[in-house]
Every structure is written in C-alpha cells, then in structure tokens.
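# Working through the structure, step by step
Now for the letters of each chain:
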Amino acid sequence: MAEAEVPQRSPDGLAALDIFYDDFNDIHFFVEDEDQENLYEVVLRRLFPDLQVARVFPLGGKQAVLNRCTQSPQQAPKRPSVFIVDKDFDDLLGCQKTHPFLFYLDRFCIENYFLEPDAVVEVVIESLPKLKRANVYASLGFPEKVSELAESMRPLFQLFFAVQYFNLGLKNCKLATEVFCQQSHLWMIDNLAVDRYSKQISQAALASPHAEELKEPLANAKISALQSLDCHRVVSGKHVCALLFRYVKSKYNVGTITLESFLFRLAKNASLSSLSSFA
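Just so we're clear, the structure is a prediction, and the values are computed from it rather than from any experiment.

## Here's the deal with the overall build of the protein
- Summing up its helical and strand segments, the protein has 13 helices and six strands in all.
- Computed over its C-alpha atoms, the radius of gyration of the protein comes to 20 Å, within 12% of the 19 Å expected for a compact globule of 279 residues.
- Expressed along its principal axes, the backbone C-alpha trace of the protein runs to roughly 60 × 55 × 40 Å.
- Per-residue burial for the protein yields a buried fraction of 45% across its 279 residues.
- For the protein, restricting intrachain contacts to residue pairs at least 6 apart in sequence, the fraction spanning at least 24 positions comes to 70%.
- Of the roughly 14,600 Å² that the protein leaves accessible, carbon and sulfur atoms contribute 52%.
- Placing the 29 positive and 35 negative side-chain charges of the protein at their respective mean positions leaves the two points 3 Å apart.

## Observations regarding the side chain of threonine 177
- Its place among the elements puts threonine 177 in the loop between helix H8 (154-165) and strand S5 (181-182).
- Its relative accessible area of 7% is what places threonine 177 among the buried residues.
- A distance of 3.4 Å separates a polar atom in the side chain of threonine 177 from a polar atom in the side chain of glutamate 178.
- Beyond its immediate sequence surroundings of up to four residues, threonine 177 is in contact with Met153, His239, Ala242 and Arg246.

## A few points about the pattern of salt bridges
- Applying the stated criterion across every chain, the model contains 13 salt bridges.
- Two residues, aspartate 91 and lysine 87, come together in a salt bridge whose shortest N-O distance is 2.8 Å.
- One network of salt bridges, with partners in common, ties together Lys62, Asp88 and Asp90.

## Topic: the packing of aromatic side chains
- If you walk through the whole model with that rule in mind, you get 16 aromatic pairs.
- Centre to centre, the rings of phenylalanine 89 and phenylalanine 161 are 5.3 Å apart; their planes meet at 65 degrees, and the pair counts as edge-to-face. Note that phenylalanine 89 is positioned in the loop between strand S3 (81-85) and helix H4 (90-93) and phenylalanine 161 in helix H8, a separation of 72 residues in sequence. Each member of the pair, phenylalanine 89 as well as phenylalanine 161, carries the same accessibility label: buried.
- When the ring of phenylalanine 180 is compared with that of tyrosine 197, the centres are 5.6 Å apart and the planes differ by 85 degrees; the resulting orientation is edge-to-face. Of this pair, phenylalanine 180 sits in the loop between H8 and S5 while tyrosine 197 sits in helix H9 (residues 191-205); the two residues are 17 residues apart in sequence, bridging distant segments of the chain. Tyrosine 197 shares its class with phenylalanine 180; the two are buried.
- Pairwise contacts between aromatic rings join Phe89, Phe108, Phe157, Phe160, Phe161, Tyr165, Phe166, Phe180 and Tyr197 into one cluster.

What counts, and at which threshold
Residues numbered from 1 in each chain as written. Predicted model: local features only at pLDDT ≥ 70, side-chain atom pairs only at ≥ 80, totals over all residues. Heavy atoms only, no water. Helix = DSSP H or I, 4+ residues; strand = E, 2+ residues; numbered from the N terminus. Rg over C-alpha atoms; globule rule 2.2 N^0.38 Å. Buried < 20%, exposed > 50% of the residue type's maximum accessible area, 1.4 Å probe, protein only. Contact = heavy atoms within 4.5 Å. Areas by Shrake-Rupley, 256 points an atom, 1.4 Å probe, with all protein chains shown as cover. Lys, Arg positive; Asp, Glu negative; His and termini not counted. Charge placed at Lys NZ, Arg CZ, Asp CG, Glu CD. Polar contact = N/O pair within 3.5 Å; in protein donor to acceptor, adjacent residues only side chain to side chain. Salt bridge = Lys/Arg side-chain N within 4 Å of Asp/Glu carboxyl O. Phe/Tyr/Trp six-rings, centres within 6.5 Å; stacked < 30°, edge-to-face > 60°.

This is the structure:
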C-alpha cells in the first residue's frame, strides 16, 4: 500500500487515544510527532524502568501538545499526564510556555541526546560484528568527529534562527540537510550553499525594517551571540545525526540501514546520561 493510502489518525483520534491505555500506563506521556512515537517509547522506558509505559502518545506537532496540555479536562484523569516538546529555538525566541506538566527538552531536540560516539560504534558493530570496537572508534576519528560535524552546522542554524527571529518567512529548520552538503561528500557542509542562503536572508530582509542590520546576517549581534552557546542548544541533533549517518556509511558497509533505523539504534545504544537532569 502506498504511503498516501495508509490510514492516518485524525487530530481528535490522536488526542483521545490515551483513554484506552489507562490500565497499561502508569503515566501518559505526550510528544509531538507520530514518527517519534517508537523512539520516545525506547527512551522513556530506559529513563523510567520502574514505570509501566505501554505506549507514548504523539499529537501531531508541538502546538497540538501545547493545546492539549493547557486544556482543562472535564474530569480528573485516571493517570497523570506529562507533555514533552522539543526546545527548538523557543528559549532563544522567548516563546516557551509554562505549565506544571509541560517539559521542554534542555537541548534542541531529542536526537541531540543520541550523539554519543560509543552508541555510533555499537551501530556499526551490530552490522559488522567481527570488527573490533577500538578499531572502529579510531577509524571514525571519535570523539572529535562528532563535535566537528555538529559545529559545522552552527552557522547554518544561526541563519535559521535569524529567519525565525526576524520573521522573514523563509524555509529554515525543515530544509533537508543535503541541500547544504557537498554532493560528493554528503556529510560535509557546502559553505557556498550556506552563503547563498545567507544572501537569501539579506534579500528577504529588504522587504522588512531589518534590511540594514541583515546585510551580513552572521555579523548581526543577535545572531552572532549564538556562537558562544552550547552547540546542543543551537543545532538540531536530527540534522547532525543525518551527517553522522552518511559519514559512517562512507566508512563502513552497514547494509541497507535507513536514517530512521540509525536513529532508533542510537536511541537503544546511547547511555542517555545527558538526559538524567531532564528525567
């Protein structure tokens, strides 16, 4: 069956799904996207091994989670509910919401917590079990390589932030990573592509009150301030994982593994120690 033909739950259907799991969940966890449901189930079961979590409930986007969180239930729920959303740029844009049961991730998105060299090595070993971990670790240039790939995306995400901060209406964080990568090395950022995007920002700013201050977007004080922040606060881990995935495949024949499978395996193999304060 083609993807377009697969039945999809309506927003109301997604929002009402939890009532069928009152007897199977100790806590109802609500998250953003449907394609993150299995990922979050793995993470939350590992973070809370003493809790029964039969199912996590995606609501189809951040706004849907925020709406559900702030709605007053008609009656007291049988199970407590926790609402988890990606941080994205919300803290830097000053638009984070406050609610006792609403939790923002401390990093840009959930994938930022999977960027552990040991977890990546385990994914390689799962496909090529005869290899030695120490050799894989060294050949991939870990741990420095992970930080290098993340930092390579910082200027691009500073530009994405500029688009959102100045409300310029350009596509930003949802653009595919390969748009900004070297075609022969899809794990390496193409600085010319980033420069073209910067020029698009300057052009879009001509129709706004910010034309002068965005002649050179990365030189703008608001944008350059992101240079000193922790990379995990500024750069999407999902995008970094995409670079890391292509880099690993350039080094090792790990078969027909997809990016989604790579992320799922990282979630299973990562220590998740960076999520301890969040938990």
